[in-house]
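# Geometric and topological summary
The residues making up each chain are set out below.
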Amino acid sequence: MSALPGFTLAALLLNASLAGANGLVLKKDLELKGSAVAGQEGPLFLTADRIDSTAVGIIEAAGRVEARQAGRNFFADWLRYDTRENSVQARGKVRLEQPTLLVTGDSLDIDLDTYSGQLDAPVYRFVGQPGRGDAERIDFIDENNFSLADATYTTCSADNEDWHLKIADLDIDRGRDVGTAHHASLRFLGVPILYTPWMSFPLGNARKSGVLAPTIGTTERSGLDVVVPYYLNLAPNYDATLYPRLLSKRGVQLGGEFRYLLEDAQGVNRVEYLNDSEAELTRWSVALNNSYRLNANTQAGMLFNRVSDDDYFRDLSNLISITSISHLNREVWLTTQHAHWNADLRAQSFQTLQDSTASTPIAGPYARLPHARLGAAQTFGRFEFTFESEATRFAHPTRTEGTRVLAYPTLRMPLANDYGFLTPQIGWHSSYYALDESAADDNIVRNLPIFSLDSGVVFDRPVRFSGIDFEQTLEPRVYYVYAPYRDQDDIPIFDTGQLDFSYAQMFTPNQFIGGDRINDANQLTVAVTSRFVEAESGLERLQVTLGQRYYFTPQRVTLPGVDPRTDNTTDLLAAVSGQITRNWRIDTAWQFDAQNGTVVRQNLGASYRPGPGRAVNFGYRFIDQTTEQVDVSAQWPLGRRWYGVFRYNYSFQDDKLVEGLAGLEYNGGCWALRAVFQRLATKEDQSTDALFFQLELNGMGRLGSNPLDVLKQSVPGYRPSNEILQTP
């Protein structure tokens, strides 16, 4: 082995003599790791079967040649090193190794000072990530710049040529982390599917302006759907995307999105415009979402959403979460948070999107112009004091308008230990209404006390089942509420509705949400919960709950059009949920009318997920006289590399399909192909069909229409097939 500090033969001889005189032992080259830190000024370490100095400053090595300098390793059958020019020539099985790249070739000529030179017939492979290819030659310009002639690139394995990118000239600038390709074509299964005369792309994760991968699809209502986004990297903390969209039945939609993230502000703002030839309408949408931090405690913001017409989302989207939107929120707000108090001020209104095929119109909510709220909390020894208040002006074009002021102070004393708790609470609810002249009574005052007592005990014991140790709990809970009756029939309904009867609602003092109704109460809620928890992992395997409410006096406060309660008990509520096995999970709930012996509400849910790419979900939802739906979805392997996905969501009450979906996915190892058909109900008696085809090339991008958002939303537990193989 030879070490050549300073790249001179004299230095080599001097080091050798010092080693013999002082008893120093030279390390093996494989143990010398400091040269990467030294950089180009560091030594070149050379090993070979034979090393000769053929002339002054010329060193030749032959047979299993290895040269290392500054973290760059060279291997070849023969190597010539010129110490005067600091250059290397290598021939025969040349290999260059860097921390992230491995390159082999026939011959190498390189200047170690400028890192300029040429490598013939290179074959390269990235280390630690997929990616490989070859070229006619590599021209090294300097340490950060090189170019490849007649190059290829793919993420497929060495024995797989399913797809590759072929480039006539490829320039790499590592200083700017930018690559530039000329005359690039993409070939899939031997067929060219994409060509560009020029393209520029980032080398790492850094953002760069340019055209993004287009999406192509088709829908029944809009025809061929093609989107070609253009990304603008304006600065590290703000950017924009322009996304022109061709709809063959409607025309060209223009869209743009602007995002920013500043030290004290952030936002996402989007606008779209379409001159719709099918609907003969000028259609547009605006979505603005911005927030600002005024100081450490105070923030302000605005949210503005508006579309040109009621059917904008139904005609132009294929996500059920979008097509089902009926109210678009618009508000500006100011909020402040402090140690013992908080407050906010906002103005809010809505755009209501009507369904032209529905038998009854959708009622628009009240605008709050403005709404102010103040809250406070303080602890005094064992006592906890809270105060909530608000003042709101409600406006509506067709209904009674007015101003409402609410105040609700409460005092509670929580008492708890390891096995139970007892929490008495007393509060005073005050309301004042100033209504417009159309109301029967334009000034209304409502005051009432509210008392509650919440208590519970926790018992536990160890149990063993099927060879597994569990901790079983028994948790009885009793909750009493008293509130006197106040006549509220003259108070309009601004923002109030009745909560669904549930386990959580049983332990609240008011069955209404909103401030326009406060129920009278003289009631006792009794419930018991039992849990089975794995002793070793802490995983809750099963939870069983049973509860019921008893009324000592009938409740008289109701919403308009709802008859008051006459019986002394509520419905019986039961719930069973848990991860019962490694693969099975259930979530079920029943609401049972004990007097009439009928089921009022029922939710049944189960999922089976034995592994990635294997998911089956079942759901059944029933609400007396209003809703009955079944929802089944799955992803499952159909054969080697083949996966099937589907969803069937059917409403028996409406006798129609809410959403149907079926698709196939093939995983080619370094690529995946997806085909999905979707039928989606967009109106009461109208649906639309969509067809998705997508080709995903691992490490390169996606071509075609994107079904991933639809699949992830419609099939819980869905995983793209090319991610499944990468999961350990």
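Rules used in this analysis
- Residues numbered from 1 in each chain as written.
- Predicted model: local features only at pLDDT ≥ 70, side-chain atom pairs only at ≥ 80, totals over all residues.
- Heavy atoms only, no water.
- Helix = DSSP H or I, 4+ residues; strand = E, 2+ residues; numbered from the N terminus.
- Rg over C-alpha atoms; globule rule 2.2 N^0.38 Å.
- Buried < 20%, exposed > 50% of the residue type's maximum accessible area, 1.4 Å probe, protein only.
- Contact = heavy atoms within 4.5 Å.
- Areas by Shrake-Rupley, 256 points an atom, 1.4 Å probe, with all protein chains shown as cover.
- Salt bridge = Lys/Arg side-chain N within 4 Å of Asp/Glu carboxyl O.
- Disulfide = S-S within 2.5 Å.
- pLDDT = per-residue confidence, 0-100.
- Patch = residues over 30% accessible without salt bridge, like charges linked within 9 Å, V, L, I, M, F, W, Y side chains within 5 Å.

### So, the overall build of the protein chain
From N to C terminus, the protein chain includes seven helices and 49 strands. A compact globule built from 728 residues should have a C-alpha radius of gyration of about 27 Å, whereas the protein chain, at 36 Å, is more than 25% larger. Taken along the three principal axes of its C-alpha coordinates, the protein chain extends 110 × 70 × 55 Å. Burial analysis of the protein chain (728 residues in total) assigns 41% to the buried set. Look at the contacts in the protein chain between residues 6 or more apart in sequence, and 43% of them connect residues 24 or more apart. Of the roughly 38,000 Å² of accessible surface on the protein chain, a fraction of 56% belongs to carbon and sulfur atoms.

### Description of the pattern of salt bridges
Considering all chains together, one arrives at 45 salt bridges under this definition. For arginine 250, the salt bridge identified is with aspartate 276, shortest N-O distance 2.7 Å. Highlighted residues: arginine 250 in the loop between β21 (245-247) and β22 (251-261) and aspartate 276 in strand β23 (residues 265-276), separated in sequence by 26 residues. Summarising the burial analysis for this pair, arginine 250 and aspartate 276 share the class buried. The shortest N-O distance in the salt bridge between glutamate 665 and arginine 674 comes to 3.0 Å. Accessibility assignment for this pair places glutamate 665 and arginine 674 in one class, buried. Residues joined by salt bridges that share partners form a network here, namely Arg221, Arg250, Asp276, Arg283, Asp309 and Asp315.

### Here's the deal with the state of the cysteines
Following the criterion strictly, the structure yields one disulfide and no others. Note on cysteine connectivity: cysteine 156 is disulfide-linked to cysteine 670, with sulfurs 1.8 Å apart. Here cysteine 156 and cysteine 670 share a disulfide; its torsion about the S-S bond, 65 degrees, makes the bridge right-handed. Within this pair, whereas cysteine 156 is found in the loop between β12 (145-153) and β13 (163-173), its partner cysteine 670 is found in the loop between β46 (656-667) and β47 (671-683), the two being separated by 514 residues in sequence. Both residues of the pair, cysteine 156 and cysteine 670, count as buried.

### Here we look at unusual backbone geometry
Looking along the chain, the bond that leaves leucine 369 and enters proline 370 is cis, with omega of -5 degrees. Position of proline 370 among the secondary structure elements: in strand β28 (residues 367-380). Even without a glycine there, the phi angle at lysine 93 is positive, about 50 degrees. One can find lysine 93 in strand β6 (residues 87-98). Of note, leucine 189 is a non-glycine position whose phi angle comes to about 50 degrees, a positive value. Secondary-structure assignment places leucine 189 in the loop between β14 (178-188) and β15 (191-202).

### A few points about the environment of proline 637
Positionally, proline 637 belongs in strand β44 (residues 627-639). Proline 637 sits 370 residues away from glycine 267 along the chain, and the two C-alpha atoms are 41 Å apart. In this structure, proline 637 is in contact with Gly613, Arg614, Trp642 and Tyr643, ignoring residues within four places of it in sequence.

### A few points about the confidence of the model for the protein chain
Of the residues in the protein chain, 92% have a pLDDT of 70 or more, and the chain-wide mean is 87. Mean pLDDT across the elements of the protein chain bottoms out in helix α1 (residues 9-22) (32) and peaks in strand β29 (residues 383-395) (97). Ignoring residues within four places in sequence, the model shows residues 1-38, a span with pLDDT below 50, making 47 contacts including any to other chains.

### Focus on a nonpolar patch on the surface
Taken together, the side chains of Phe380, Phe383, Leu411, Leu422, Ile426, Phe451, Leu453 and Tyr482 present a nonpolar region at the surface, about 690 Å² in accessible area. Listed by contribution, the elements that provide at least two residues to the nonpolar patch are β32 (420-435) and β33 (443-457).

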